[in-house]
Every structure is written in structure tokens, then in C-alpha cells.
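# Per-entry structural report
As a plain string of letters, each chain reads:
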Amino acid sequence: MNYTLYHQDQMIGKVTLVEQDFPNLFGVYELHQLAEENPIAEYINYSVKANKLMNEDEAKWIEFAEKEELKFIDLIESDDWKLVDEIGNTHKIMIPNFGDNQPWNCLAVELTSF
């Protein structure tokens with residue numbers, strides 16, 4: 001199923017769910033054009049790099065996360081992330097992780113029909 005990803009009222013992009021195992025959701029994403037200096041665009045760049053490092057070198061990933069993650073703590077702790085399905089239903093999620101070549105995952109906040 002296809003969803004639109006939002007933080008608050010800002011549309012981030014489109015997400016196609018590929019797999020789910022509550023509370024985990026997995027899919028692919030296509031980003032809406034965001035300004036480079038937008039904090040969400042900066043977080044997405046951070047997330048892609050962090051995921052790549054996590055898969056390549058755990059020590060470098062830990063070092064990178066310790067140095068950079070606090071810059072995004074407001075987004076990470078935000079309750080304002082959501083997916084909106086094709087018929088307009090809203091599904092609250094925790095902050096998503098973005099990967100290279102558009103893999104995407106997040107945790108659902110509540111058990112809803114995805």
C-alpha cells in the first residue's frame with residue numbers, strides 16, 4: 001500500500017510498504033523536494049549515512065551517531081511523524097530511518113490496519 005509521509009504538516013514524500021511485522025514497517029520511499037537547509041532533509045542525509053556505516057563498520061557508526069545524532073534530537077523525539085494512506089487515514093509512527101537506494105523503515109506507534 002502507498003502512503004504519504006509527514007512530519008507535522010510538512011509532506012516529506014511517498015512511501016510504499018513492502019513488509020510489516022508490528023511494530024516494524026519496511027518499504028521504499030520517494031522524497032518530495034525539500035530545501036537542503038531544511039532540518040528534515042539534513043536528518044534524512046544523516047540517516048542514510050548512519051545506516052550505511054552501521055552495515056559497514058559498527059565502530060564508525062557508533063562514533064558518527066554519538067557526534068551527529070543530538071543535532072536531530074527534536075525530530076527523533078517528535079510525536080508528529082505520520083503516514084497518511086490513500087483514503088486519508090492517519091497512522092502515527094516514530095521517526096523513520098532512511099537508507100541508500102531508498103529502503104525505509106519505522107516503528108508504528110499503535111496497532112492499526114496498514
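The following paragraphs examine the structure supplied in this document. (Residues numbered from 1 in each chain as written. Predicted model: local features only at pLDDT ≥ 70, side-chain atom pairs only at ≥ 80, totals over all residues. Heavy atoms only, no water.)

## Remarks on the pattern of salt bridges
Side chains carrying opposite charge are able to pair once their charged atoms draw close together. Within this structure, the stated rule accounts for 1 salt bridge. The closest approach of N and O atoms between Glu68 and Lys71, which form a salt bridge, is 2.5 Å. Given the relative accessible area of 57%, Lys71 is considered exposed. (Salt bridge = Lys/Arg side-chain N within 4 Å of Asp/Glu carboxyl O. Buried < 20%, exposed > 50% of the residue type's maximum accessible area, 1.4 Å probe, protein only.)

## Examining the nonpolar core
Counting 28 residues, the largest nonpolar core has Leu5 and Trp104 as the members making the most contacts within it. Contributions of two or more residues to this core are made by strand 1 (2-7), strand 2 (10-21), strand 3 (24-31), helix 1 (39-56), helix 2 (58-68), strand 4 (81-85) and strand 7 (103-107). With 8 residues, the single largest contributor to this core is helix 1. (Core = buried A, V, L, I, M, F, W, Y, C linked by side-chain atoms within 4.5 Å. Helix = DSSP H or I, 4+ residues; strand = E, 2+ residues; numbered from the N terminus.)

## Notes on helix 2
Inspection of helix 2 places Phe64, Ala65 and Glu68 among the buried residues, and these make up the whole buried set. Burial along helix 2 is one-sided: seen end-on, the buried residues are contained in an arc of 100°. Exposed residues on helix 2 whose side chains face more than 90 degrees from its buried face are Ala59, Glu63, Glu66 and Lys67. Looking at the buried positions of helix 2, the neighbouring elements they touch are helix 1. A side-chain oxygen of the first residue of helix 2 lies 3.1 Å from the backbone nitrogen of Ala59; this N-cap is Asp57. (Arc of directions from axis to C-beta. Contact = heavy atoms within 4.5 Å. Polar contact = N/O pair within 3.5 Å; in protein donor to acceptor, adjacent residues only side chain to side chain.)

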